[in-house]
Amino acid sequence: MISLIRKTGDSSIGQTLSRMLNPSASGIGSAAPPAAPVAPPAPVVKTFTPTPTEAPAVIEDPARKARDNFRYRVTDELLPKVEAIADLEERKTWVAGKLDELFARIGAKMPDDQREAMRSELEDELLGFGPIGAILRDQEISEVMVNGPRQIFVEKKGRIVETDLCFRDNDHVLRIIERIVAPLGRTIDRKQPLVDARLPDGSRVNAIVPPCAIDGPSLTIRKFKKDKLKIEDLIRFEALTPAMAELLQGCVKAGLNVVVSGGTGSGKTTLLNVLSSFIPGHERIVTIEDSAELQLQQRHVVRLETKPKERDGSGQPVAIRDLVINALRMRPERIIVGECRGGETLDMLQAMNTGHDGSMTTAHSNTPRDCIARLETMTMMSGMELPLKVIRNQIAGAVNLIVQASRLRDGSRKVTYISEVTGTEGDMICMQHLFQYHETGYDVEKNKVTGEFRTGGYRPACLKRLEAAGVKFSADLFDK
């Protein structure tokens, strides 16, 4: 970078920098000088579009365009040298030194706040996650969605909005995706256009590139809060009531098998994390996931993760089903599968039926009854030619509780059902709703769904089992 500055003097980067600091003199955009002083560059944390349903107007901002050009020129010059350094700490030291030299030469030409913002953006480009680095650091953002290089959406406080950020081109997006998956030993290209990965903080990443992604590489990042949520937090957020929390805590402690059901983004993994916190600390737990997301607080935990083939196509992939079968040989007291989505469901049900009480998993479905149907379908995907009646008996004998998580219209997340599986009657699986959330309307002024939690009025069929495990509830907990 310094050699580039010396070679060009103030003609290239210097001129770009001048345009960035004084766009009215650069000839960019309208020839007429602006009527008002140019606003300073946006801070690192960007502003968001106020209306989710409308795309923001495209406004040519000369200062922003010049700043982006400056960042791209610096990145193009330094990135090949950065990538040639294998050790991560050496990379950070080298980049810090080069940026110190660069901004020392700029000196007083750039205000302190602009200099810090530009330095942060350059560090993201050279070492981090490019344009999305700033929003990944924003604790209020729970999901980042990149639809090609020109569109970046985020979920903030339960609502999806479009940002004013963008990538340079498809290659820029692909470079950031490769930077995410490379440390995990995974690869993504035209031959392998799909990949699931995770960030160092545990956030879940899914990427898909051409030819499967028509409009350019797509990247979806589900962030997880650094501060682990507790049941008290869910009560405070009105996701459930204290009575529901008392029931769930007692069921987990007593070793009931639980399936957390819900749609995408409904909070299944968060709820599973909270439920796992009730498991006694002395029990041995084995967790099985595609990409490690669970944050168990106990000490006696073994974490297992699936493995794809090696980059060169060699090696044997290890699927969730393989890990479930292997976990049975590891003397677990509880098995927690991050998500059942295929034939591993049969192995999970068998584990629940063969002494691993208190096991838990999640499944995609909209209601507890739909969850039962989906468990049936996924069991059939195991390849075992089992009669439907046998499958239903397996489910009824294995699953004790279905906890339904839902994302409502206003973006809030709630536990909408706590349903107990009570057995079979003929060929049908029977269940009863112990608690249920009923919507009563929509408050337009507050932009909030209104409703209330109600008990079903049923005494749990497993009440004697809970009492035998030392779990007792107040007499009126289940009164309607």
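Residues numbered from 1 in each chain as written. Predicted model: local features only at pLDDT ≥ 70, side-chain atom pairs only at ≥ 80, totals over all residues. Heavy atoms only, no water.

Caption draft 1: Region of interest: the overall build of the chain. A count of helical and extended segments in the chain gives 15 helices and 15 strands. A buried classification covers 48% of the 480 residues belonging to the chain. Partitioning the intrachain contacts of the chain with sequence separation of at least 6 by distance along the chain shows that 57% fall at a separation of at least 24. A total of about 23,700 Å² of accessible surface is found on the chain, and carbon and sulfur atoms cover 51% of it. (Helix = DSSP H or I, 4+ residues; strand = E, 2+ residues; numbered from the N terminus. Buried < 20%, exposed > 50% of the residue type's maximum accessible area, 1.4 Å probe, protein only. Contact = heavy atoms within 4.5 Å. Areas by Shrake-Rupley, 256 points an atom, 1.4 Å probe, with all protein chains shown as cover.)

Caption draft 2: Spotlight on the environment of alanine 319. Along the chain, the position of alanine 319 falls in the loop between β9 (301-305) and α11 (320-327). Residue alanine 319 is classed as partly exposed on the basis of its relative accessible area, which comes to 40%. Considered as a pair, alanine 319 and threonine 306 are 13 residues apart in the sequence and their alpha carbons are 5.3 Å apart.

Caption draft 3: Expanded view of the confidence of the model for the chain. Of the residues in the chain, 86% have a pLDDT of 70 or more, and the chain-wide mean is 82. Taking the mean pLDDT of every element in the chain, the minimum, 38, falls on helix α1 (residues 2-8) and the maximum, 96, on strand β7 (residues 258-262). Every residue in residues 1-59 is under pLDDT 50, and counting partners more than four places away or in other chains gives 76 contacts. (pLDDT = per-residue confidence, 0-100.)

Caption draft 4: A look at the sheet that holds β9. Pairing is mixed in the open sheet, where 9 strands are placed in the order β9-β8-β10-β11-β7-β12-β13-β14-β15. Lying at the two open borders of the sheet, with one neighbouring strand each, are β9 and β15 (448-455). Each adjacent strand pair in this sheet contributes to an overall mean axis angle of 25°, direction not counted. Judged from the 5 bridges that link them, β7 and strand β11 (residues 360-364) form a sheet pairing that is parallel. When the bridges of β11 are listed, glycine 262 appears paired with histidine 364. Strands β7, β10 (334-337), β11, β12 (401-407) and β13 (413-425) of the sheet are contacted by helix α10 (residues 268-276), whose axis makes an angle of about 165° with β11. (Pairing = 2+ DSSP bridges. Axes fitted to C-alpha atoms, helices over the stretch in contact; angles between N-to-C directions.)

Caption draft 5: Summary view of the sheet that holds strand β1 (residues 141-147). Sheet architecture is open: 6 strands sit in the order β3-β2-β1-β6-β5-β4, paired in antiparallel fashion. Two strands close off the open sheet at either side, each with one partner strand: β3 (159-162) and β4 (194-198). Direction aside, neighbouring strands of the sheet carry axes that sit 15° apart on average. Pairing of β4 with strand β5 (residues 204-208), which is carried by 5 bridges, proceeds in the antiparallel orientation. Bridge assignment links arginine 198 to a residue of β5, and that residue is arginine 204. Against the sheet, helix α7 (residues 170-181) touches β1, β4, β5 and β6 (218-222), its axis set at about 55° to β4.

Caption draft 6: Geometry of the packing of helix α12 (residues 344-353) against helix α13 (residues 368-380). Between α12 and α13, the shortest axis-to-axis distance is 6 Å and the interhelical angle comes to 110°. When the axis of α12 is compared with that of α13, the two are roughly perpendicular. Taken together, the residues of α13 that come into contact with α12 (itself represented by Thr345, Leu346 and Leu349) are Leu375, Met378 and Thr379. Along the lines of polarity and charge, the residues of the contact of α12 with α13 split into 4 nonpolar, 2 polar and no charged. (Parallel < 35°, antiparallel > 145°, perpendicular 65-115°, else oblique. Nonpolar A, V, L, I, M, F, W, Y, C, P; charged D, E, K, R; others polar.)

Caption draft 7: Quick look at α10. Most of α10 is tucked away: 8 of the 9 residues are buried. Within α10, burial applies to Lys268, Thr269, Leu271, Leu272, Asn273, Val274, Leu275 and Ser276.

Caption draft 8: Here's a closer look at the pairing of strand β8 (residues 285-289). With 5 of 5 residues buried, β8 is to be regarded as a mostly interior element. The sheet contact formed by β8 and β10 spans 4 bridges and is parallel. Residue pairing for β10: threonine 287 is matched across the bridge by isoleucine 336. For β8 and β9, the ladder comprises 5 bridges, and the chain directions are parallel. Of the residues in β9, the one forming a bridge with glutamate 289 is glutamate 305.

Caption draft 9: Summary view of the packing of aromatic side chains. Across all of its chains, the model carries 3 aromatic pairs by this definition. On the numbers, 6.4 Å between centres and 50° between planes, the contact of phenylalanine 435 with phenylalanine 478 is tilted. On the criterion of sequence distance, the pair formed by phenylalanine 435 in strand β14 (residues 428-443) and phenylalanine 478 in the segment after α15 (463-468) is long-range, its members being 43 residues apart. In terms of burial, phenylalanine 435 and phenylalanine 478 fall into one category: buried. (Phe/Tyr/Trp six-rings, centres within 6.5 Å; stacked < 30°, edge-to-face > 60°.)

Caption draft 10: Geometry of the side chain of asparagine 273. Here asparagine 273 lies in helix α10. By relative accessible area, asparagine 273 is classed as buried at 12%. Looking at asparagine 273, its side chain comes within polar contact range of the main-chain nitrogen of glutamine 295, at 2.7 Å. Setting aside chain neighbours within four positions, we find asparagine 273 in contact with Glu293, Leu294, Gln295 and Leu296. (Polar contact = N/O pair within 3.5 Å; in protein donor to acceptor, adjacent residues only side chain to side chain.)

Caption draft 11: Structural context of the packing of α13 against helix α14 (residues 388-398). The N-to-C vectors of α13 and α14 enclose an angle of 120°; their axes lie 10 Å apart at closest approach. By the angle class used here, α13 and α14 are oblique. α13 and α14 meet at a crossing whose hand is right-handed. Between α13 and α14, the residues in contact are Ile372, Leu375, Glu376, Thr379 and Met380 and Leu388, Ile391, Arg392 and Ile395, respectively. Of the residues belonging to the contact of α13 with α14, the class tally is 6 nonpolar, 1 polar and 2 charged. (Left-handed = near helix turned anticlockwise from the far one by under 90°.)

Caption draft 12: Expanded view of α12. Of all 10 residues making up α12, 8 are buried, and the element is well covered by its neighbours. All buried positions along α12 are accounted for by Glu344, Thr345, Leu346, Asp347, Met348, Leu349, Ala351 and Met352. On the buried face of α12, the contacting elements are β7, α11, β10, β11, α13 and α14.

Caption draft 13: Focus on the side chain of threonine 163. Positionally, threonine 163 belongs in the loop between β3 and α7. A polar contact of 3.2 Å, which involves the side chain of threonine 163, links it to the backbone nitrogen of leucine 165.

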